[in-house]
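# Remarks on the overall topology
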Protein chains: 2
Amino acid sequence: MKRTSIGVRIALSVAVCVSFATRLSADEGMWVFNNLPLGHLKSKYNFEPTSEWSEHLMKSCVRFNVGGSASFVSSSGLVLTNHHVAADTLHKISSEKNNYYSDGFLAKGFEDEIKAPDLELNQLVSIDDVTSRINSAVNEKMTAAEAGDARRAEISKVEKESLDKTGLRSDVVTLYGGGRYHLYRFKRFTDVRLVWAPEAAIAFFGGDADNFEYPRFDLDATIFRVYEDGKPAKIEHFLKWSDNGAAEKELVFVAGNPGRTSRIFTVDALKFQRDKRVPYVMDFLRRREVLLTLFSQRSEENDRRARDELFGVQNSRKAYTGMIQGLQDPAFIAEKEREEKSLIDKLKSNPKTAKFADAWKQVGDAQKRRAEIHGKALNLGTRLVGIAQTLVQMAEEDAKPSEKRLTEFRDSNRPSLEQDLFSPAPIYKDLEQVVLADLIARALEMRGADDELVKKILDGKSPQARAAELVGGSELDTVDARKKLASGGKDGINASKDPLIVLAKLIDADDRNFTKQSEEIEEMERQAYAVISEAMFAEKGESTYPDATFSLRLAFGTVEGYEENGKQLPAWTTMGGAFDHEAAHKAKDPWKLPESWHTHRKNFDAATPLNFVSTADIIGGNSGSPVVNKDLELVGLIFDGNIQSLTSNYFYSDKQSRSTSVHSSAIREALSNIYGADRIASELGK
Amino acid sequence: MKRTSIGVRIALSVAVCVSFATRLSADEGMWVFNNLPLGHLKSKYNFEPTSEWSEHLMKSCVRFNVGGSASFVSSSGLVLTNHHVAADTLHKISSEKNNYYSDGFLAKGFEDEIKAPDLELNQLVSIDDVTSRINSAVNEKMTAAEAGDARRAEISKVEKESLDKTGLRSDVVTLYGGGRYHLYRFKRFTDVRLVWAPEAAIAFFGGDADNFEYPRFDLDATIFRVYEDGKPAKIEHFLKWSDNGAAEKELVFVAGNPGRTSRIFTVDALKFQRDKRVPYVMDFLRRREVLLTLFSQRSEENDRRARDELFGVQNSRKAYTGMIQGLQDPAFIAEKEREEKSLIDKLKSNPKTAKFADAWKQVGDAQKRRAEIHGKALNLGTRLVGIAQTLVQMAEEDAKPSEKRLTEFRDSNRPSLEQDLFSPAPIYKDLEQVVLADLIARALEMRGADDELVKKILDGKSPQARAAELVGGSELDTVDARKKLASGGKDGINASKDPLIVLAKLIDADDRNFTKQSEEIEEMERQAYAVISEAMFAEKGESTYPDATFSLRLAFGTVEGYEENGKQLPAWTTMGGAFDHEAAHKAKDPWKLPESWHTHRKNFDAATPLNFVSTADIIGGNSGSPVVNKDLELVGLIFDGNIQSLTSNYFYSDKQSRSTSVHSSAIREALSNIYGADRIASELGK
């Protein structure tokens, strides 16, 4: 990694000498592409990737900005991702009549490929370290609030300069909790069309019950194609297709965008997560899960409308359940405490570094401030309320220079913002109303009914009556109304009688106040983690990786099963096994295979591997990541982790923790012999 | 009502003169049998029930102590209740092989009737007012804690004297929040056998989705028989059977045991419910609902094991949803505030009554104390932990004289306590373990992981590992182990190595401390509500009813439909309508009628009324209540209220709020023409 020396680091590097060498002997890490674990790969696997190797892999990957990963798998723009990553789009292009999410889809020719209403795919093309420039904007005399403002302004300037110069989407990514700042440039693809999707019944076979379980039998795959100038894009960097996949124990690589990990977190920060944040989020998720389940039960159409959000909520709930189980294990916190104390003691033992030990205290202080504002955020965030808030804030922010604006309103982010804001995807007012009523009721519970803002929001009515009035009276479900308001500036917003615009104005000050407080706390943490990171660098040398930030990372590991409750689980399952799994559950929903699989059962090889597990270090956001071998052939498609991997937000283990993938053979076999998609199968890897 | 004058009341009765006459013009009220609304029935319906009429109805009713109502419907001991009230027993007598809950049951002869493992049915036989005796134990010099102790001791003495004298179960019931104390004597029936139950698919047709909805199509009925000395009991008071049921607009009566209402609550008490208690309970319910749903998904047998609790949790969650919607409506609280202020102003305007206005402040102070201990109770209450806690506390309490013991350990309650403690009903350790792990995790969240008691409970392990150890190592799932510990006294408990006994000892002090604090707050409220009740009596005259207390009450109203969203809903549905309802939902679970209904579709009259609604004032606990006409013929069986009735914890309205019943004709028609149960059908009402 090209790393800018800052004062702290030099002082630390001389002070610390013992390394936690054992911690990285396993296949741990979500590595940035400009600092791959070359030494480890060489020593453990005798493999030395070249810079061409890593550039080709990096440029073969694309990020789905709705929250997922993917890869180019043909020169003609085919993009492979998960069905559950594609689900957002599958739902948006569906209607009561055509349910592409449930029933699947196959475009017979290019002209049948269906354009996604608002997808943005990002291909990472370069990385530059801008740490010193970002840090130079801040000095020690500034308060946390001032430093935060200055830092965000500098980040905005760097992004805007880059955008103006290159025309590429330019994001400064904060790494190591504030230890490093890298400028990532992306090529944007916004004409993205659906080519093929299987039925939900096989893509999500076993449903919520099997989610995060293993053995698993899911064809969680979907294929899109990117277009440029109305034609299939010509893609230079794409992955070749491996029909044999990887052998047991073979080294594989996963390139994708893990969303968020918290491995650098101090003990105080972990305790805040354990005692406040995670329980709070889980209460919120369970509440939404029950609400959406009730809404879904009312009719098949309701079920269709709420399906995507309900899946997301259940998926998160299960992920958080695993996270809190890790946090609540006293042994985990005790080990973290031991490690932390050892490092702090070492820093304190040298007068030159003693003051850096204050960084842990600063993180602790930040957690106290987090606790003060915990649960105070007013969250009325339905899709329509979100649109209203964006319009209201945009009118205000656009009057300022780009670098002074709230992050999402900066020039560098404008194309992505508009892609989302003006999306023609359907908005279901019945569902919006039910969710908003519950969010208003929840605000009333969190703040108390005597809170002045809550009273104004209610306007003397019950949450249900008020939500009906707000959603029913709003026109923001039409793109035209949004475009009109977006172009009308502050005068237009002030003149608007749309009840959701009026609501968004009412809550704007509160929202900004909360954002401001959060940003101050984040700056306190950034400064502290910058110091802590340097201590870690000094401790572990160059071979370390930053926490996940939904930016491109490389993980690696081997294909292998594991032992659970005294039983050895296999490295892979087969397509034939899906039928046994169906029978074991008496073909009851969600263990009912789609008709297509039964119809074509004789046409495909039952021994074809369907899903496999590997030790690669992944987390949510990696869904859709390609799994490749040393020759950069696609051998699999990440779609899940097992239950044991759910603690990997906080630590990695290769004992039982596994990432789960769809096998490349199964995808081709299914395309050719179940879905009649030879047109697509023959394009793969070419 | 025979009412003891106390000083407060005399002072109040001269001071207050305007009455809220309008509030009782509708068919409001859950009336105690020694103070029926005779004037209202006479003036509105020209009906004058005699004392024989009310005695016969009172003695025809039985209470299911698991939480429900029922009635005698034959001289030979037949008892009619809901399938969902019987569910507790249906599950307990079921196994992986025989699922009586799902599949239904019919005893061909007496010898096939299946004994319930732990049911206790109570028939109310007399009511005496003991207010002055209970109040005489308390004086103004006592602190709330002392007064509470003295009052509970006096209650215990009254109960024990009555038990010793009559041999009847004797409970002192607190009415009007502390305004009155009545001694209720019950005949106990503990040999209760299952005679007939339909399939869950028709008893709970529409499942959680249709629960509290209307129109409804449920045969939510089950028939037991009480035995004495091994023979069917000879019953003097039982209800005749009406095959025609009630006509539209006809006056009907509901006699049952509404569980709990909060209509006397002051504004401060309601706000505590709205802002703290109800949201807290709902979080708990949603958490359990998601947990049990996940457990159920794993297998059909898991689903069977968790079914009863999951139904209870979903039912409560839906009920609480309705309650909080009422509380969160600003108009409701505003109206309560107006009423309360008017009454307090009136009291203050007269020097003789001015000091009684302090009662509202005292309730407010009690709410502040409630807020202080809110969420602090350590709840690890699974069935096994509950058994362990009972055994540990019993050993301690039995060393004291009866009146000094915790309420449940008094002599008067001993038979009921042992009926429950030594129940041979199966306990599923896998389910226990999952629930206990979650309760331990929750305790950790509520109190923080650094809480000393929490640390001791965890014993250095994760909640999951600890729960496995506790449940796996305990023998309390066997009745023998429980009996041995119960007979071993304190020495036996102290010597026990059973990990759940050790746990129960560990948390006992904390539990007792919380109980003590709760009791003090309750005494503050009792004293205050005694004064408030007198103000109400003075205001409203004799014609008032106390909040529900799971004791026998009479409600009344007329059979009539209502308007919803501009549509008139019918007073009743039909058996044929169930098939239309099935078709409308494509016969998807939970809208799939059982095979028996399809097989016998041609054998019964599709026009037979199935469910009907009336304006009678009911709430949870009323499930299974007989609905009778003026001639005391059974015309229906309460099983639900509609969505609009869910606010009736706080107020009654006859506009849309309705109680829902199974029609008497449908029960007989189904018995004879679907279930081949002529033996039972011919006994009904005879």
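Residues numbered from 1 in each chain as written. Chains lettered and ligands numbered in written order. Predicted model: local features only at pLDDT ≥ 70, side-chain atom pairs only at ≥ 80, totals over all residues. Heavy atoms only, no water.

### Some points on the overall build of chain A
We apply this condition: In this text, helices come from DSSP runs of H or I with a minimum length of four residues, and strands from runs of E with a minimum of two, each type numbered from the N-terminal end. The cut-offs for exposure are 20% and 50% of the maximum accessible area for each residue type, with area from a 1.4 Å probe on protein chains only; residues under the lower value are buried, those over the upper are exposed, and the others partly exposed. Accessible surface area values rest on a Shrake-Rupley calculation with a 1.4 Å probe, where residue burial reflects the displayed protein chains alone. For the purpose of charge, His is not counted, nor are the chain termini; Lys and Arg are scored as positive and Asp and Glu as negative. By convention, the point assigned to a charge is CZ for Arg, NZ for Lys, CD for Glu and CG for Asp.
Secondary structure summary: chain A contains 25 helices and 22 strands in total. Within chain A, the fraction of its 686 residues that count as buried is 60%. Surface summary for chain A: the accessible area is close to 26400 Å², and the carbon and sulfur share equals 50%. Each charge sign in chain A was given a centre, from 94 positive and 104 negative side chains, and these centres are 3 Å apart.

### Regarding helix α24 (residues 664-673) of chain A
Counting buried positions over the ten residues of α24(A) gives eight, a clear majority of the element. Among the residues making up α24(A), those that are buried are S664(A), S665(A), A666(A), I667(A), R668(A), E669(A), A670(A) and L671(A).

### A short note on the environment of S136(B)
Residues and elements named next belong to chain B. Definition in use: Pairs of N or O atoms within 3.5 Å make up the polar contacts considered here, provided that, within protein, one atom can donate a hydrogen while the other can accept it, and that residues adjacent in sequence are counted only when both atoms are side-chain atoms.
Mapping S136 onto the fold places it in helix α6 (residues 131-136). Classification of S136 as exposed rests on a relative accessible area of 58%. Measuring from C-alpha to C-alpha, the distance between S136 and A150 comes to 9.6 Å, with 14 residues separating the pair along the chain. Looking at S136, its side chain comes within polar contact range of the main-chain oxygen of R133, at 2.7 Å.

### Focus: the pairing of strand β8 (residues 169-175) of chain B
All names here are of chain B. Applied cut-off: Between any two strands, at least two bridges found by DSSP are needed for them to pair.
In terms of burial, β8 is a largely internal element, seven of the seven residues being buried. Judged from the seven bridges that link them, β8 and strand β9 (residues 180-189) form a sheet pairing that is antiparallel. Across the sheet, D171 pairs through a bridge with Y184, a residue of β9. Linking β8 back to β9 in an antiparallel pair, the connection comprises four residues, with Y176 at a positive phi of about 50°.

### A look at the side chain of Q393(B)
Residue and element names in this part refer to chain B. This is how it is decided: Contacts: residue pairs with any heavy atoms within 4.5 Å of one another.
For Q393, the location among the structural elements is in helix α14 (residues 383-397). Q393 sits in the buried class, given a relative accessible area of 6%. Other than its neighbours up to four places away in sequence, Q393 contacts L406, E408, F409, D508, D511 and R512.

### Considering the confidence of the model for chain A
Residue and element names in this part refer to chain A. Filter applied, for reference: The predictor reports its confidence for every residue as pLDDT, a score running from 0 up to 100.
Chain-level statistics for chain A give a pLDDT mean of 93 and a share of 96% at 70 or above. Low confidence marks residues 1-24, where pLDDT is under 50. Its contacts with residues over four positions away, or in another chain, come to 53 contacts. On the interface metric, ipTM, the complex scores 0.89, and its pTM is 0.91.

### With respect to helix α10 (residues 267-297) of chain A
Residue and element names in this part refer to chain A. For clarity, the threshold we go by: The span you would expect from a helix comes to 1.5 Å times its residue count less one. What is called the bend at a residue is the angle between a pair of axes, fitted to the seven residues leading up to and ending at it and to the seven starting from it.
Its 31 residues give α10 an end-to-end C-alpha distance of 43 Å, which sits within 8% of 45 Å, the value for a rise of 1.5 Å per residue. Within α10, the axis deviates most sharply at Q273, by approximately 45°. In terms of burial, α10 is largely enclosed, as 23 of its 31 residues are buried.

### Quick notes on the interface of chain B and chain A
Stated precisely, the cut-off is as follows: As used here, buried area is the combined drop in accessible area, with a 1.4 Å probe, of two parts when they are placed together. Take a side-chain nitrogen of Lys or Arg and a carboxyl oxygen of Asp or Glu: if they are within 4 Å of each other, that pair is a salt bridge.
On the chain A side, the residues contacting the 38 residues of chain B number 38 residues. With both sides pooled, the region where chain B packs onto chain A buries about 3100 Å², and carbon together with sulfur makes up 50% of that total. Among the residues chain B hides against chain A, the three largest losses belong to R286(B), Q328(B) and E445(B). Together they make up 19% of the total. At the junction of chain B and chain A, the tally comes to eight salt bridges.

### Re the pattern of salt bridges
Residues and elements named next belong to chain B. Summed over the entire model, instances satisfying the criterion amount to 130 salt bridges over all chains. E523 serves as the salt-bridge partner of R151, at 2.8 Å between the closest nitrogen and oxygen. Taken as a pair, R151 in helix α7 (residues 144-166) and E523 in helix α21 (residues 499-540) lie far apart in primary sequence, 372 residues in all. On the basis of relative accessibility, which here comes to 5%, the residue R151 falls in the buried class.

### Considering the relation of the copies chain B and chain A
Stated formally: Overlaid copies result from least-squares superposition on C-alpha atoms, with residues included only where pLDDT is at least 70 in both.
Placing chain B over chain A gives an RMSD of 0.0 Å and needs a rotation angle of 180°, together with 0.0 Å of translation along the axis. Here the two chains are linked by the operation of a two-fold rotation axis. When the interface residues of chain B are mapped onto chain A, 100% of them again fall at the interface, so both copies present the same face.

### Examining the packing of helix α10 (residues 267-297) of chain B against helix α12 (residues 330-348) of chain B
Residue and element names in this part refer to chain B. Defined as follows: Axis geometry follows a simple rule: fit a line to the C-alpha atoms, using only the stretch in contact for helices, then measure angles between N-to-C directions, giving values from 0 to 180 degrees. For classification, angles of less than 35 degrees are called roughly parallel, those exceeding 145 degrees roughly antiparallel, those between 65 and 115 degrees roughly perpendicular, and all remaining angles oblique. Take the far helix as the reference: if the near one is turned anticlockwise from it by less than a right angle, the crossing is left-handed, and if turned clockwise, right-handed. Amino acid classes used here: Ala, Val, Leu, Ile, Met, Phe, Trp, Tyr, Cys and Pro are nonpolar; Asp, Glu, Lys and Arg are charged; the rest, including Gly, are polar.
Put simply, α10 and α12 touch, their axes get as near as 10 Å, and they point 160° apart. Judged by the inter-axis angle, α10 sits roughly antiparallel to α12. When the axes of α10 and α12 are compared, the crossing they make is left-handed. Contacts from V267, L270, K271 and R274 in α10 reach F332, I333, K336, E337 and E340 in α12. Within the contact of α10 with α12, the residues separate by chemical class into four nonpolar, no polar and five charged.

### Some points on the packing of helix α14 (residues 383-397) of chain A against helix α16 (residues 429-447) of chain A
Residues and elements named next belong to chain A. The interhelical angle for the contact between α14 and α16, taken along N-to-C directions, is 85°, at an axis separation of 8 Å. Of the possible angle classes, the one that applies to α14 and α16 is roughly perpendicular. Taking contact as the criterion, the partners of R383, L384 and V385 in α14 are, on α16, K429, E432 and L436. Of the residues that constitute the contact of α14 with α16, the class distribution is three nonpolar, no polar and three charged.

### Regarding the packing of aromatic side chains
Residues and elements named next belong to chain B. Note the threshold: When the centres of two rings from Phe, Tyr and Trp lie within 6.5 Å, Trp using its six-membered ring, the rings pair. Their planes under 30 degrees apart give stacked, over 60 give edge-to-face, and anything left gives tilted. Counting as a charge over the ring demands two things of the Lys NZ or Arg CZ atom: a distance within 6 Å of the ring centre and an angle within 35 degrees of the ring normal.
Scanning the model with the defined rule gives 38 aromatic pairs over all chains in all. Relative to F556, the ring of Y45 has its centre 6.5 Å away and its plane inclined at 85°; by these criteria the two rings are edge-to-face. Note that Y45 is positioned in helix α2 (residues 38-45) and F556 in strand β15 (residues 553-558), a separation of 511 residues in sequence. The class of Y45 is buried, set by a relative accessible area of 17%. Positioned above the aromatic ring of Y227 is the side chain of R193, whose terminal nitrogen or guanidinium carbon lies 3.7 Å from the ring centre.

### Re unusual backbone geometry
At the junction of D589(A) and P590(A), the peptide bond is cis and its omega measures out at 5° in the coordinates. Structurally, P590(A) is set in the loop between α22 (575-584) and α23 (595-599). Of note, N46(B) is a non-glycine position whose phi angle comes to about 50°, a positive value. Mapped onto the elements of the fold, N46(B) is located in the loop between α2 and α3 (51-60). Judged by its relative accessible area of 59%, N46(B) is exposed. Positive phi, normally seen in glycine, also occurs at K586(B), with a value near 55°.

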